[in-house]
Amino acid sequence: MTLPFFPITPLAFDVGIKIPVDLYVQHAIDASPVHVLSFDDVLDAGKLARIENKRLLAPADTVAKQELRRLFRQQLETAIEDGSMAPLRKAAIIVETLRGDIDEAFTSRTTRLMVETARRWGKLLIELLPPLCLELNDYYGVLQHDGHLGSQATNLSIYSFILASSFQFDDKELEEFLMGAILCDVGRIELPEDTTAGVQQNHSTDASIPRSHAADGFNRLVRDAIVTRPQLMMAYQHHERLDGSGYPVGIPGELIHPWAKMLAIVDTFENLTCARPQRGTVTRRQALTTMRQEAGITIDLEHFRCWESQILEPTKT
Ligand SMILES: [Fe+2]
């Protein structure tokens, strides 16, 4: 059942903000949302305490989404200028702004807007994320794992940034790679269930996503002149597997583009860790255990080991 709410991270809110929509908290994954803050409430310490570390929900209607997008865009401008703001709060604001923009682009069902949004955010992310000096486990706490298409594209871009840090990417390549990560599922743009935010729905398992989305995404992107060949391959091949068991073609590993192989690592992790009502929550470690069995067989072993080390042995530089 789709609930008319979508999750947002409480960390993106701070004292002094005027709340633009009614907000709710959900005390358990199957519990009914409880109203906690009203439209136009100004957050003070007491009100902030009511949402901190809670599962916070906003109504999934168009107006509420627009109002929150406007708030987070303003917040982002402040965050960029504010040298004293905690990195984790900045990350939460970046993530919510990015997610709102991607959601808007997906909802428009316009490939051109998706490409332009991905291009802009590819550039922004390589400016905004490195100074935060955060690790995967930090980002994991401010990302949403609800299986919604906008959340998944957001997560893939952040995860791709983390994974790429283990490899020799210059800024231009990294920008291109992150843009490709945001765009890889553009072939799902026409799926009506993906354009409606939900709290407990999930459309992210391989079994529930039409396999045609990889080729559909390629066919949409190939008509856009600013999309590069590696980005096309990321969309077309991110479900291909080393042993030829993937789709849309079933090509062997040596024919899969290196960036599509890298994306397959974070895409697999995202699909394993996003919410699935029928199985409950899968932890990062459980996801790694599953992926470890596939490493070197269907997914690249070196890429997996780098990803695993980001979770098990994080090292701040
Ligand atoms: Fe996909």
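Quick caveat, the model's predicted, so the values are computed rather than measured.

Colleague: Would you explain the nonpolar core in this entry?
Modeller: The tendency in soluble globular proteins is for nonpolar side chains to be buried as a group. Counting residues in each nonpolar core, the largest one holds 92 residues, and the members touching the most others are Phe 13, Leu 23, Leu 68, Trp 121, Tyr 139 and Trp 307. Sequence-distant contacts of Leu 68, defined by excluding residues within four places in its chain, comprise Phe 6, Ile 8, Phe 13, Pro 20, Val 21 and Ala 58.

Colleague: Before we go on, may I ask you to explain the coordination of the iron ion in this structure?
Modeller: Geometry sets the ideal angles at a metal, namely 109.5 degrees for four tetrahedral donors and 90 or 180 degrees for six octahedral donors. With distances of 2.1 to 2.2 Å, the protein atoms coordinating the iron ion are Asp 185 (OD), His 213 (NE2), His 238 (NE2) and His 239 (NE2). Between the 4 donor atoms coordinating the iron ion, the angles at the centre fall across 85 to 173°, so the site counts as irregular. Mapped onto the sequence, the donors of the iron ion take the spacing D-x27-H-x24-H-H. One end of the pair, Asp 185, is in the loop between helix H7 (171-183) and helix H8 (212-221); the other, His 239, is in the loop between helix H9 (229-237) and helix H10 (258-273), with 54 residues separating them in the sequence. Neither residue differs from the other here; Asp 185 and His 239 are each classed as buried.

Colleague: Looking at this structure, how should I read the packing of aromatic side chains?
Modeller: Centre distance and the angle of the planes are the two values used to describe a pair of aromatic rings. Throughout the structure, instances matching the rule amount to 10 aromatic pairs. Ring centres of Phe 169 and Phe 177 lie 5.2 Å apart, and the angle between their planes is 40°; on these two criteria the pair is classed as tilted. For the pair Phe 169 and Phe 177, a shared accessibility class is recorded, and that class is buried. The interplanar angle of 75° and the centroid separation of 5.2 Å between the aromatic rings of Phe 269 and Trp 307 together place this pair among those described as edge-to-face. Taken together, the positions of Phe 269 in helix H10 and Trp 307 in helix H12 (residues 301-312) put the pair 38 residues apart, joining distant regions of the chain.

Colleague: Can you walk me through the packing of H9 against H10 in this structure?
Modeller: Each packed pair of helices is defined by two parameters, the angle between the axes and the distance between the axes. The geometry of H9 relative to H10 is characterised by a closest axis approach of 8 Å and an angle of 45° between their N-to-C directions. What the angle tells us is that H9 and H10 run oblique. Remark: the crossing between H9 and H10 carries right-handed chirality. Of H10, the residues touching H9 (which contributes Pro 230, Met 233, Met 234 and Gln 237) are Trp 259, Ala 260 and Leu 263.

Colleague: Before we go on, may I ask you to explain the packing of H7 against H10 in this structure?
Modeller: Across the interface, H7 lies against H10 with an axial gap of 11 Å and an inter-helix angle of 55°. Classified by the angle between their axes, H7 and H10 sit oblique to one another. Of the two elements, H7 crosses H10, and the hand of that crossing is right-handed. Contact residues: H7 offers Glu 173, Glu 176, Phe 177 and Ala 181, while H10 offers Trp 259, Met 262 and Leu 263. Of the residues assigned to the contact of H7 with H10, the class counts are 5 nonpolar, no polar and 2 charged.

Colleague: Explain the sheet that holds strand E4 (residues 55-59) here, please?
Modeller: With antiparallel pairing, 4 strands are arranged side by side in an open sheet as E1-E4-E2-E3. Each having just a single partner strand, strand E1 (5-8) and strand E3 (34-37) make up the two edges of the open sheet. Sheet twist, expressed as the average angle between the axes of neighbouring strands with direction ignored, equals 45°. Pairing analysis gives 4 bridges linking E1 to E4, with the strands arranged antiparallel. From the neighbouring strand, Ile 8 faces E4, where its bridge partner is Leu 56.

Rules used throughout
Every chain is numbered independently, its residues counted from 1 as its sequence is written. For a predicted model such as this one, the threshold for reporting local features is a pLDDT of at least 70, and the threshold for listing and counting side-chain atom pairs is 80 or more; totals across whole chains, interfaces and linings nevertheless cover every residue. As a rule here, side-chain values come from all non-hydrogen atoms in the structure, and water together with hydrogens is ignored. Among buried residues, those of type Ala, Val, Leu, Ile, Met, Phe, Trp, Tyr and Cys that are joined through side-chain atoms within 4.5 Å constitute a nonpolar core. The classification of residues rests on relative accessible area computed with a 1.4 Å probe and restricted to protein chains. Under 20% of the type maximum is buried, over 50% is exposed, and intermediate values are partly exposed. Two residues qualify as a contact provided that any one of their heavy atoms is within 4.5 Å of a heavy atom in the partner residue. Counted as donors are N, O and S atoms no farther than 2.8 Å from the metal, or 3.2 Å for Na, K and Ca; water is not among the atoms, and sites may therefore look incomplete. Note on geometry labels: four donors, all angles 85 to 135 degrees, give tetrahedral; four donors become square planar and six octahedral when opposite donors are over 155 degrees apart and every other angle is between 65 and 115; remaining cases are irregular. Helix and strand assignments follow DSSP, with helices taken as H or I runs no shorter than four residues and strands as E runs no shorter than two, numbered in order from the N terminus. For Phe, Tyr and Trp, rings pair up if their centres lie within 6.5 Å, where Trp contributes its six-membered ring, and each pair is then called stacked (planes under 30 degrees apart), edge-to-face (over 60) or tilted (otherwise). Comment: axis = line fitted to C-alpha atoms, over the contacting stretch for helices; angle = value between 0 and 180 degrees taken between N-to-C directions. For classification purposes, angles smaller than 35 degrees are called roughly parallel, those larger than 145 roughly antiparallel, those between 65 and 115 roughly perpendicular, and all remaining angles oblique. Helix crossings are classified by the rotation of the near helix relative to the far one: an anticlockwise turn of less than a right angle makes the crossing left-handed, while a clockwise turn makes it right-handed. Residues are grouped as follows: Ala, Val, Leu, Ile, Met, Phe, Trp, Tyr, Cys and Pro are nonpolar; Asp, Glu, Lys and Arg are charged; all remaining types, including Gly, are polar. Criterion used throughout: strands pair if DSSP finds at least two bridges between them.

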